[in-house]
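Listed below, chain by chain, are the residues.
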Amino acid sequence: MKTSIATVSISGDLREKLEAIAASGFDGVEIFENDFLAYYRSPRDVARMVADLGLSITLFQPFRDFEGLPEPQRSQAFERAERKFDLMGELGTDLMLVCSSVSPLALGGVDRAAADLRELGERAAKRNLRVGYEALAWGRHVNDHRDAWEIVRRADHASIGIILDSFHTLSRGIDPESIRKIPGDKIFIVQLADAPKIDMDLLYWSRHFRNMPGEGDLPVTDFMRAVAATGYNGAISLEIFNDQFRSGSPRTIAADGHRSLVYLMDQVRNAEPGIAIKVPILPPRVDVHGVAFVEFAADEDEAQTLSHHLRQLGFRLTGHHRSKAVERFTQGDINIIINTEREGLAHSAYLTHGISAYALGLTVGDAAATVERAEALGAQLFNQRVGPDQLAIPAIRGIGGGVIYFLDDHSPLGRVWDVEFDAARDPEANKDAGLRRVDHVAQTMNYEEMLTWILFYRSIFKVSKSPMVDVVDPSGLIRSQVIENQAGSLRLTLNGAESHRTLAGRFIAETFGSSIQHLAFASDDIFQTAQALHQNGMRALQISPNYYDDLQARLALPQALLDDLRASNILYDRDANGEFYQLYSGSVGEGFFFEIVQRSAGYQGYGAVNAPFRIAAQKRALPILGLPNR
Ligand code: MG
Ligand code: MG
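Below, the structure is looked at part by part. Here the structure is a predicted model, which means the values were calculated and not measured.

1. Re the coordination of the magnesium ion (ligand 1)
Each pair of donors in an ideal octahedron of six around a metal sits at 90 or 180 degrees, and each pair in an ideal tetrahedron of four sits at 109.5 degrees. Within the protein, the magnesium ion (ligand 1) binds to Glu 134 (OE), Asp 165 (OD), Gln 191 (OE1) and Glu 239 (OE); these donor distances fall in the range 2.1 to 2.2 Å. For the magnesium ion (ligand 1), the donor residues sit on a single chain with the sequence spacing E-x30-D-x25-Q-x47-E. With Glu 134 in strand E5 (residues 130–134) and Glu 239 in the loop between strand E8 (236–238) and helix H10 (243–247), this residue pair connects regions lying 105 residues apart in the sequence. For Glu 134, a relative accessible area of 3% translates into the label buried.

So this is what it looks like as structure tokens:
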């Protein structure tokens, strides 16, 4: 598989773009003409730079408004093409993209366009160049790849082929199955882009909202399956116009792009065995069986505070690490580790973020295969020096710098406790509060980073994403996206903050990008849990009385239930399938908190309707800018 990306997809000047593209593992690059025109080096210098970086130029683009012109514009268009052929010779690329004309002067007619392309093919052939014709979704006469193919077929010239672009086909709802009829050797290059489903003008949608395959809502996999079935064996190239990407980090966006292509082709290979494109075989997407542990980095004082919180929540100290300053707290199936080491990743995470939940342990079927898949998708492996009383647990770096460990039958969680920890008795333990397991892990990030996180999780794990929802914070908007598997054994909520004045944004600022902002534990009886927490001395987050009045008005709950909810500061939601209860702790450190939930089987959500009231309550409880704690 040859991978390529258009320079227009990422930010920076031409050199920065090319360096980021090469560093991310791409084989080739489409030179978008404006990126070249804005650059102060000669075409030969650019050719050398591309070669020195180990890249090749897969395409020069775009050449606009060529076909169907009357004279004298027709002759001028050919003259223009000859000059660009000169340039291509110096750049060292043999393929030019001609997109269907949007010129008001252009005349329609399949045969007229075919004749123009045939003549262009003749001229290109003299220089050993090729021309690919692409139907723009908003082309004046040609806006459908089926028409573009008919024109290319009638042009009947070895140097003329078709260029397929998933956005132009899928944005207009054209069935990609029609691609299967095109001979693979007449497809000169395939451009890929996804996009969120938004009902808007095609041109505007295309120029501003495209994203990487797998990040949006278009059936890009179906499109690519149809392409692969033609026997096409050329480059697959990303052409992404996106405002966020153009202002983002070139390295991150290029890395996301490469990951998206590897993930896409893995899906295509599984669905279309026997395709011509050579695709590396990856272990399958990983089914996560559960969250085995969550590890916090802290200093001694904060570790004391966190231990106190955990004991109020009904956790008890169950283990001391044999050689490290690490303690284990347990309740139900939940394991919380507090690491106060002064070296290693925990310590650097602490120095950067302050007290933070920087590592997750996930139980999977095959930890080695998980790491192999993640690495093929560009994830960074994590290896830390392993001491005598320690196991080497396969791990990767998450987005945002944390660590994800993988446990399986070969390195089961039980062995970690047996080998690395001495059992402890906890004289300070409080009453067990009936917390059973981790329900969800909520991660907070800047809104611009959300697509990176989503792609990371979706490409490695067998999870799906639900539609993004907006959550209103009194100081701005939070975009919330759920990533979960079918069994509910991995549930992540990703919260993207657009403003630093929101609770989530403030958390990012205070912790310099720390990611896990809350952990939600599941209880089977939240009222009993609330009682136990009260007895353990925990003060729950105080919810506004007005919330309960509205709950009564909206849902007509039985009075006794309503009284119980109000008395325990429990939030409530229900959907067609079930009920959901939520209870929150106060904050630990710079805005981290715990949530306790009870969900009846079938309830699909995370209480998003309650989030504005929870956030308002949390902001009320925060000491803000020197004001006394209210
Ligand atoms: Mg295109
Ligand atoms: Mg939550």
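2. Considerations on the pattern of salt bridges
The tally for this structure, following the rule as stated, stands at 41 salt bridges. The partner of Arg 127 in a salt bridge is Asp 86, and the shortest N-O contact between them spans 2.7 Å. Remark: Asp 86 occurs in helix H4 (residues 73–91) and Arg 127 occurs in the loop between helix H5 (110–126) and E5; sequence separation between them is 41 residues. Measuring nitrogen to oxygen at the nearest pair gives 3.1 Å for the salt bridge that ties Arg 436 to Asp 524. One end of the pair, Arg 436, is in strand E17 (residues 435–446); the other, Asp 524, is in the loop between strand E22 (516–523) and helix H18 (526–535), with 88 residues separating them in the sequence. Note on Arg 436: relative accessible area 36%, which makes it partly exposed.

3. Quick look at the sheet that holds strand E14 (residues 395–397)
In spatial order, the strands read E14-E15-E13-E9-E12-E11-E10-E16; together these 8 strands make up an open sheet with mixed pairing. Looking along the sheet, the strands with just one partner apiece sit at the ends: E14 and strand E16 (421–423). When the angles between neighbouring strand axes are averaged without regard to direction, this sheet yields 25°. Summarising the sheet, strand E10 (residues 316–321) and strand E11 (residues 326–331) pair through 4 bridges and their orientation is antiparallel. Following the sheet pairing, Arg 316 is matched in E11 by Thr 330.

4. Thoughts on the pairing of E22
In terms of burial, E22 is largely enclosed, as 8 of its 8 residues are buried. Bridge analysis of E22 against strand E25 (residues 592–599) gives 5 bridges, and the strand direction is parallel. For His 518, the partnering residue across the bridge sits in E25 and is Phe 593.

5. A word on the nonpolar core
By size, the foremost hydrophobic cluster in this structure holds 89 residues, and its most contacted members are Leu 120, Val 190, Leu 192, Met 224 and Met 265. When residues of this core are assigned to their parent elements, the largest contribution, 7 residues, is made by H4. Leaving out residues up to four positions away in the same chain, Leu 192 has contacts with Ser 166, Pro 213, Val 220, Phe 223, Met 224, Ile 236, Ser 237, Leu 238, Glu 239, Ile 240, Leu 261 and Leu 264.

6. As for the coordination of the magnesium ion (ligand 2)
The coordination sphere of the magnesium ion (ligand 2) contains the protein donors His 440 (NE2), His 518 (NE2) and Glu 595 (OE), at a distance range of 2.2 to 2.3 Å. One chain supplies every donor to the magnesium ion (ligand 2), and in sequence these donors are spaced H-x77-H-x76-E. Separated by 155 residues along the polypeptide, His 440 in strand E17 and Glu 595 in strand E25 bring together distant segments of the chain. By the burial criterion, His 440 is buried, and Glu 595 matches it.

7. Brief notes about helix H3 (residues 43–52)
Each full turn of the α-helix corresponds to 3.6 residues, which orients residues three or four apart in the same direction. By the burial criterion, the buried members of H3 are Pro 43, Val 46, Met 49 and Val 50. One side of H3 carries all its buried residues, which in axial view fall inside an arc of 120°. The exposed set on the far side of H3, more than 90 degrees from its buried face, consists of Arg 44 and Asp 52. With its phi angle positive at about 80°, Gly 54 sits one or two positions after the end of H3.

8. Focus: the packing of helix H19 (residues 545–555) against helix H20 (residues 559–568)
Contact geometry for H19 and H20: axes closest at 10 Å, N-to-C directions at 160°. One element, H19, and the other, H20, form an angle in the roughly antiparallel class. Here H19 runs over H20; the crossing is right-handed. Contacts from Pro 545, Tyr 548, Asp 549, Leu 551 and Gln 552 of H19 reach H20 at Gln 559, Leu 562, Leu 565 and Arg 566. Class assignment of the residues belonging to the contact of H19 with H20 gives a composition of 5 nonpolar, 2 polar and 2 charged.

The rules behind the values
- Residues numbered from 1 in each chain as written.
- Chains lettered and ligands numbered in written order.
- Predicted model: local features only at pLDDT ≥ 70, side-chain atom pairs only at ≥ 80, totals over all residues.
- Heavy atoms only, no water.
- Donors = N, O, S within 2.8 Å, 3.2 Å for Na, K, Ca; no water.
- Helix = DSSP H or I, 4+ residues; strand = E, 2+ residues; numbered from the N terminus.
- Buried < 20%, exposed > 50% of the residue type's maximum accessible area, 1.4 Å probe, protein only.
- Salt bridge = Lys/Arg side-chain N within 4 Å of Asp/Glu carboxyl O.
- Pairing = 2+ DSSP bridges.
- Axes fitted to C-alpha atoms, helices over the stretch in contact; angles between N-to-C directions.
- Core = buried A, V, L, I, M, F, W, Y, C linked by side-chain atoms within 4.5 Å.
- Contact = heavy atoms within 4.5 Å.
- Arc of directions from axis to C-beta.
- Parallel < 35°, antiparallel > 145°, perpendicular 65-115°, else oblique.
- Left-handed = near helix turned anticlockwise from the far one by under 90°.
- Nonpolar A, V, L, I, M, F, W, Y, C, P; charged D, E, K, R; others polar.

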